[in-house]
Structures are given as C-alpha cells and as structure tokens.
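# What the coordinates show
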Amino acid sequence: MVPLLLVLLLALVLFGAGFAMKALWIVAVIVLAVWLLGFVMRSTNTGGARGRWYRW
C-alpha cells in the first residue's frame, strides 16, 4: 500500500510541476509581449529624440 501511495504522490508532484512550468511559460510570453510593446511605443521628448522606455 505504501509504494502505491508513493507512486501516486510522485505522479501528483510531477503533474503539479508540469502545470507550473506551463504557467511560467505563459507568464514569460506575456511579459515579453509587454516589453516589446513598451519598446516600440515609447514616447518622444521635446527634442524629438526617443527617450528611455524604462524609469531606472
């Protein structure tokens, strides 16, 4: 009975890790899209030159 429970627990952990990795890939793609949009759609300053799109 214990080995069966260990196998089921291992399957549950691996399924959870796989779901977390897929969710992290989705978050990474969304962050990349926002970064690219911010880079492309940055505003110009008074001199007409493009300013930095980040604040630090």
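Preceding this section is the structure that the text describes.
The structure reproduced in this document is the subject of the present report. (Residues numbered from 1 in each chain as written. Predicted model: local features only at pLDDT ≥ 70, side-chain atom pairs only at ≥ 80, totals over all residues. Heavy atoms only, no water.)

## A look at the overall build of the protein
- The helix and strand tally for the protein stands at 1 helix and 0 strands.
- When each of the 56 residues of the protein is scored for burial, the buried share is 0%.
- Accessible area of the protein: about 5,500 Å², with a carbon and sulfur share of 79%. (Helix = DSSP H or I, 4+ residues; strand = E, 2+ residues; numbered from the N terminus. Buried < 20%, exposed > 50% of the residue type's maximum accessible area, 1.4 Å probe, protein only. Areas by Shrake-Rupley, 256 points an atom, 1.4 Å probe, with all protein chains shown as cover.)

## Examining a nonpolar patch on the surface
- On the surface, Leu 32, Trp 35, Leu 36, Leu 37, Phe 39, Val 40 and Met 41 cluster together into a nonpolar patch covering about 720 Å² of accessible area.
- The topology assignment puts Leu 32 in helix α1 (residues 2-40). (Patch = residues over 30% accessible without salt bridge, like charges linked within 9 Å, V, L, I, M, F, W, Y side chains within 5 Å. Salt bridge = Lys/Arg side-chain N within 4 Å of Asp/Glu carboxyl O.)

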